[in-house]
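Structural description and commentary
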Amino acid sequence: MSSIIYQQSWLTGEVPDDWKLANVTPIHKKGRKEDPDRPVSLTSVPGKEVEQFILSVIMQHLQDGQAIRPSQHGFRRGRSCLTNLISFYDQVTRLVDAGKAVDVVYLDFSKAFDPVSHSTLLDKLTAHGLDRSTLCCVRNWLDGWTQRVVVNGAASSWGQSPVVSLRDDNKLGVCVDLLEGRRALQGDLEWLDGWAEFNKMKFSKSKGRVLHFGHNNPVQRYSLGMVWLDSAQAQRDLGALVTAAELEPAMCLGGQEGQWHPGLDQEWCGQQSREVIPPLYPALVRPHLECCVQFWAPQFMKDVEMLERIQRR
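Residues numbered from 1 in each chain as written. Predicted model: local features only at pLDDT ≥ 70, side-chain atom pairs only at ≥ 80, totals over all residues. Heavy atoms only, no water.

Structural notes on the packing of aromatic side chains
Here is the rule: Only the six-membered ring of Trp is used, alongside the rings of Phe and Tyr, when aromatic pairs are assigned; centres must lie within 6.5 Å, and planes under 30 degrees apart are stacked while those over 60 apart are edge-to-face, with the rest tilted. Burial here depends on accessible area, computed with a 1.4 Å probe over protein chains only, as a share of the maximum for the residue type. Under 20% is buried, over 50% is exposed, and the range in between is partly exposed. By definition, being over a ring means that NZ of Lys or CZ of Arg is both within 6 Å of the ring centre and within 35 degrees of the ring normal.
What the rule picks out here adds up to one aromatic pair. Judged by centre distance (5.1 Å) and plane angle (85 degrees), the rings of Phe 88 and Tyr 89 are edge-to-face. There is no split in this pair, since Phe 88 and Tyr 89 are both buried. When the ring centre of Phe 88 is taken as origin, the NZ or CZ atom of Lys 171, which lies over that ring, is 5.2 Å away.

What follows is the structure, encoded as structure tokens:
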């Protein structure tokens, strides 16, 4: 029966209203456990299945038409934060090893999950030549999407949701030994600022940072629109902490150096229980230590000592 409903929805371009209802509930991301700060949208199982089907159709079409560049890692099968880090910083370290200077600019959109105009999204899908059934499904799916906030069993009234989600982490790096490279990077920033304005999106310009790598780096200043970007010695990138110590790229343990999981505070550690600690370690500690381990692989003594300190704790 479900397959018949899915097929009819696809052929007619109509999506049942029940599939477009979402409960938004907050979950903990960082800070105190009693202060959840990350909203998560919970939808129906049939709706999620249709979402995945539409996504697979769109992705296949874009890949066949070569509309997705090889440098795209987000939301692609076989790609991840790890492949992004390895691919990007492999190029950076190669240039630094060759004695070149490299500037890397880290940008952040104004929200963790950023608003995207529905009309702009549909116009872009149409321009890429998607078939009528797919466009009708996407248009109907976005029209009338309704959500409410649910906290501790109490729910707000239903309201329309005018946005879809997009990842907010962005970075670009350029060899800046010559003036042409620095001008090219500034030109890219100006283009990105114009692109964001045209597509009704906003960068959180105050959060933009520049890391300067290479011993002969000219330490050029860059601007995004009318805002000058600050230089930094370290920057969190996809869960890893990238530092410019001694003007060379280095990684810290998944960005968790010197941090202790709040769930393993005095309440649990004080019990010294063999039944409690073993299941907590792989659930709460090990993921932090193994975050992108293939990338930062501790081969230097300072990294090994850091890892040993955390393991002892």
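Now that the structure has been shown, the text picks up again.
Considerations on the pattern of salt bridges
As a reminder, the rule being used: Whenever a carboxyl oxygen of Asp or Glu lies within 4 Å of a side-chain nitrogen of Lys or Arg, that contact is scored as a salt bridge.
What the rule picks out here adds up to four salt bridges. Taking the shortest distance from any N to any O, the salt bridge between Asp 17 and Lys 20 comes out at 4.0 Å. For Asp 17, a relative accessible area of 57% puts it in the exposed group.

Points about the sheet that holds strand β8 (residues 209–213)
Going by this rule: For two strands to be treated as a pair, DSSP must find no fewer than two bridges joining them. Every helix listed is a DSSP run of H or I at least four residues long, and every strand listed is a run of E at least two residues long, numbered separately from the N terminus. Two residues form a contact once any of their heavy atoms are found within 4.5 Å. Every angle, taken between N-to-C directions, lies between 0 and 180 degrees, and every axis is a line fitted to C-alpha atoms, over only the stretch in contact when it is a helix.
Pairing within the open sheet is mixed, and its four strands lie in the order β7-β3-β8-β11. In the strand order of this sheet, the two ends are held by β7 (169–175) and β11 (230–231), each with one partner. With seven bridges joining them, strand β3 (residues 102–108) and β7 adopt antiparallel strand pairing. From the neighbouring strand, Tyr 106 faces β7, where its bridge partner is Lys 171. Contacting β3 and β7, helix α6 (residues 179–198) crosses the sheet at an angle of about 155 degrees to β7.

By themselves these figures say nothing about function.
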